[in-house]
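# Structural features, examined
In case you want the letters, here they are:
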Amino acid sequence: MGIHCATKRAVPSVRAALLFVCAASAASALALGCAGEAPSHEQGSEDDFTATDFREDVVLPYAGDWLDAPKALAGIGQFDRLRGTIHDDAKCSTMVAIAAAIVGGRERFSAFVDEVARLRDGKREDLAIIDEARKAVAEKRLTARHIHELTEVVVRAYKVAAGAYDEQIATMIRASGYVAVHVGSKRPEVLVDHLAEREVVPLGTVADDIPHITLLWKDARGVVRLYDSDDVHGSHVMPRGGKPYNARVLDAQSSWDLAEKYR
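So, here's what we can say about the structure. (Residues numbered from 1 in each chain as written. Predicted model: local features only at pLDDT ≥ 70, side-chain atom pairs only at ≥ 80, totals over all residues. Heavy atoms only, no water.)

One pass over the full model with this rule turns up 1 disulfide. One disulfide in the model links C5 with C92; its S-S distance is 1.9 Å. Taking the sign of the S-S torsion, about 140 degrees here, the bridge from C5 to C92 comes out right-handed. Of this pair, C5 sits in the loop between β1 (3-4) and α1 (12-32) while C92 sits in helix α4 (residues 92-104), placing them 87 residues apart in sequence. Comparing C5 with C92 shows no difference in burial state: the two are buried. (Disulfide = S-S within 2.5 Å. Helix = DSSP H or I, 4+ residues; strand = E, 2+ residues; numbered from the N terminus. Buried < 20%, exposed > 50% of the residue type's maximum accessible area, 1.4 Å probe, protein only.)

Laid out in structure tokens, this is it:
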């Protein structure tokens, strides 16, 4: 698949499509009051994750002491209206890395945050964002704002503002503590069949004529799911067998060229 969310390769028609997506996302975000509000700290509900993206300061759904991954990720995409996030159209790779960390659990998420902090050592503004995320983890108060601001730091840490290659995506996933396991096939259906619970594998797809990266995983319920951070006008998490899932996983252009999963 080469480089994913590669803004530097956008041709005029694709660039216009991206601008349209951003404009639509902005309108949606403004309608939801995503930016410029005082934190509400209300708990995310079932209706939130099935209907639309979470508002920036809504506490994401938890299951015990960590996020309920399918419900939390279902309402978090790569497009937001925060003033400090400027790489929304190129952040599919960082959203996949964050999603993998969330799926892996609290310890893996914290390990990923620690590695990002190491890479941004000395950058006070970025470290302040990381500290806020750490505090939210400790207090079980993670919000979409924490995730969106953190992904911007990840963009700078891994230098993927113009998109990310497969190897860079794999590096970001391994930063959470995952270990690559060779599968030997880049075909989605084979990779899915090799997934055990809490294992993940990225899936390269095509969106608006630009290579795009998503994440497949088998959750703790034993259900295979796909996370797509793009502006999908609905849930970002798609269970196996559904129409949105099939449209991506069964597409002839979809693959993970490194032919490995992450355990």
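Helix packing geometry: the angle between the two helix axes and the distance between the axes. Where helix α6 (residues 124-139) contacts helix α7 (residues 144-158), the two axes come as close as 10 Å, and the packing angle between them is 140 degrees. In terms of orientation, α6 and α7 fall into the oblique class. Considering the relative orientation of α6 and α7, their crossing is left-handed. Residue-level inspection shows D126, I129, I130, E132, A133 and A136 of α6 in contact with α7, the latter providing H146, E149, L150, V153 and R156. The residue makeup of the contact of α6 with α7, split by class, is 6 nonpolar, 1 polar and 4 charged. (Axes fitted to C-alpha atoms, helices over the stretch in contact; angles between N-to-C directions. Parallel < 35°, antiparallel > 145°, perpendicular 65-115°, else oblique. Left-handed = near helix turned anticlockwise from the far one by under 90°. Contact = heavy atoms within 4.5 Å. Nonpolar A, V, L, I, M, F, W, Y, C, P; charged D, E, K, R; others polar.)

With that settled, the discussion passes to the nonpolar core. Counting 66 residues, the largest nonpolar core has I102, F109, F112, Y158, V200 and L216 as its most contacted members. When residues in this core are grouped by element, the largest group, 10 residues, is from α4. Contact partners of F109, with chain neighbours within four places excluded, come to W66, I98, A101, I102, V137, L142, I147 and L150. (Core = buried A, V, L, I, M, F, W, Y, C linked by side-chain atoms within 4.5 Å.)

Among the secondary structure elements, A74 is positioned in helix α3 (residues 69-74). Along the primary structure A74 and M238 are separated by 164 residues, whereas in three dimensions their C-alpha atoms are 8.1 Å apart.

The side-chain alternation of strand β8 (residues 224-227) yields two buried faces, one formed by V224 and L226 and the other by R225 and Y227. One ladder, built from 4 bridges, connects strand β7 (residues 210-218) with β8; its direction is antiparallel. From the neighbouring strand, L216 faces β8, where its bridge partner is L226. If you look at the hairpin formed by β7 and β8, you'll find 5 residues sitting between the two strands, and G222 has a positive phi there, around 80 degrees. (Pairing = 2+ DSSP bridges.)

All right, on to the pattern of salt bridges then. Taken as a whole and assessed by the stated rule, the structure comprises 16 salt bridges. Across the pair K261 and E199 runs a salt bridge, and its minimum N-O distance is 2.7 Å. Within this pair, whereas K261 is found in strand β10 (residues 260-262), its partner E199 is found in the loop between α9 (188-193) and β6 (200-207), the two being separated by 62 residues in sequence. With relative accessibility at 6%, the residue K261 sits in the buried group. Its salt-bridge partner being R221, residue D219 comes within 4.0 Å of it at the nearest N-O pair. Connected through shared salt-bridge partners, D68, D219, R221 and R225 make up one network. (Salt bridge = Lys/Arg side-chain N within 4 Å of Asp/Glu carboxyl O.)

Another point: α4. Helix length check: α4, at 13 residues, gives a terminal C-alpha distance of 18 Å against a target of 18 Å (1.5 Å per residue), a fit within 8%. Buried residues dominate α4, accounting for 12 of its 13 residues. Considered for burial, the residues of α4 that qualify are C92, S93, T94, M95, V96, A97, I98, A99, A100, A101, I102 and V103. (Expected span 1.5 Å × (residues − 1).)

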